[in-house]
Amino acid sequence: MPQMRSPQGAMAIAPPPRPDHGPAPDLTNPANWRAMLARQIPALRAFAFSLARNRADADDLVQETLVKAWTHRSRFEAGTNLKAWLFTILRNSWYTGAARRRREVADEEGRHAAGLTAEANQEWTAELTALQAALNALPLEHREAVIMVGAAGLSYQEAADISGCAVGTIKSRVNRARRRLARLLEHDLPPGQENYEADDS
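Criteria and cut-off values
- Residues numbered from 1 in each chain as written.
- Predicted model: local features only at pLDDT ≥ 70, side-chain atom pairs only at ≥ 80, totals over all residues.
- Heavy atoms only, no water.
- Helix = DSSP H or I, 4+ residues; strand = E, 2+ residues; numbered from the N terminus.
- Contact = heavy atoms within 4.5 Å.
- Areas by Shrake-Rupley, 256 points an atom, 1.4 Å probe, with all protein chains shown as cover.
- Salt bridge = Lys/Arg side-chain N within 4 Å of Asp/Glu carboxyl O.
- Buried < 20%, exposed > 50% of the residue type's maximum accessible area, 1.4 Å probe, protein only.
- Phe/Tyr/Trp six-rings, centres within 6.5 Å; stacked < 30°, edge-to-face > 60°.
- Lys NZ or Arg CZ within 6 Å of the ring centre and 35° of its normal.
- Axes fitted to C-alpha atoms, helices over the stretch in contact; angles between N-to-C directions.
- Parallel < 35°, antiparallel > 145°, perpendicular 65-115°, else oblique.
- Left-handed = near helix turned anticlockwise from the far one by under 90°.
- Nonpolar A, V, L, I, M, F, W, Y, C, P; charged D, E, K, R; others polar.

Caption draft 1: How the structure looks around the overall build of the protein. Tallying secondary structure elements over the protein gives eight helices and zero strands in all. N-terminal to C-terminal, the α/β element order of the protein is α-α-α-α-α-α-α-α. Nonlocal contacts in the protein, meaning residues at least 24 apart in sequence, comprise 69% of its contacts between residues at least 6 apart. Split by element, the accessible area of the protein, about 10800 Å² in all, is 52% carbon and sulfur.

Laid out in structure tokens, this is it:
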């Protein structure tokens, strides 16, 4: 598990890693801040689910993140990367809240995750189920890295800042995660039955 800073209270709100592009909105207007947060909810949900692997816990984690972001919005610098800032809050909240989680679901083979998918056509449901199972087979550090970079669109530097590790470590985790996902999905291998390098952290 990656080394984490130990946030306490407001200290869990870390500075954003790097600037976004484009003009900064007026954050003194609560409507602007609310709209900015709302646009990040899908990415937050995906990242939260990649950590918790439980929809109820993921939703709680997103809610906690949004509450902290709203409460400490004065700490956010206009023009910097809101998504990276929110991901930092969410990740810190998840790690520091591990002892408080009450609805932990053992789902080593992805069976519970498979039951959480929305109704869709049979082919798409099968593909989504296979992807969820493959993601669940990754070590946590690799799963969160590939979600941050591959799904959420954060840069390697931003993901490294959020994870508290070197950029090279994030690149290695993402590359290893992508290779393992490709092997699992291409060959339909059961998790654990393919060669996989040890973590580099």
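Caption draft 2: Looking closely at the pattern of salt bridges. In total, this model carries two salt bridges according to the counting rule given. With a shortest N-O distance of 3.3 Å, Glu64 and Lys68 are connected by a salt bridge. Of the two residues, Glu64 and Lys68 both sit in helix H2 (residues 55–71), four residues apart, roughly one turn of that helix. Glu144 is paired through a salt bridge with Arg91; the nearest N and O atoms lie 2.7 Å apart. Of this pair, Glu144 sits in helix H6 (residues 140–151) while Arg91 sits in helix H3 (residues 82–96), and the two are 53 residues apart along the sequence. Arg91 carries the same exposure label as Glu144, and that label is buried.

Caption draft 3: Broad picture of the side chain of Gln40. The topology assignment puts Gln40 in helix H1 (residues 30–52). Setting aside residues no more than four positions away along its own chain, Gln40 makes contact with Leu82, Lys83 and Leu86.

Caption draft 4: View of the environment of Ala137. Of note, Ala137 is situated in the loop between helix H5 (122–136) and H6. Separated by 43 residues in the primary sequence, Ala137 and Arg180 place their C-alpha atoms 9.0 Å from one another.

Caption draft 5: The arrangement of the packing of aromatic side chains in detail. Scanning the entire structure with this criterion turns up five aromatic pairs. Geometrically, the ring pair formed by Trp33 and Trp85 is edge-to-face, given 6.1 Å between the ring centres and 65° between the ring planes. Placement of Trp33 in helix H1 and of Trp85 in helix H3 is noted, with a sequence separation of 52 residues between them. Trp85 matches Trp33 in its accessibility class, with the two residues each being buried. Taken together, a centroid distance of 4.5 Å and an interplanar angle of 0° make the contact between Phe47 and Phe87 stacked. Placement of Phe47 in helix H1 and of Phe87 in helix H3 is noted, with a sequence separation of 40 residues between them. Each of the two residues, Phe47 as well as Phe87, counts as buried. Within the aromatic cluster, the residues linked to one another by ring pairs are Trp33, Phe76 and Trp85. Lying across the ring of Trp70, Arg73 places its NZ or CZ 4.4 Å from the centre.

Caption draft 6: Geometry of the packing of H2 against H3. The contact between H2 and H3 brings their axes to 9 Å, and the two run at 125°. On the basis of their axis angle, the class for H2 and H3 is oblique. The chirality of how H2 crosses H3 is right-handed. Between H2 and H3, the residues in contact are Leu61, Val62, Glu64, Thr65, Lys68 and Ala69 and Trp85, Leu86, Ile89, Leu90, Ser93 and Trp94, respectively. Among the residues forming the contact of H2 with H3, the class breakdown is eight nonpolar, two polar and two charged.

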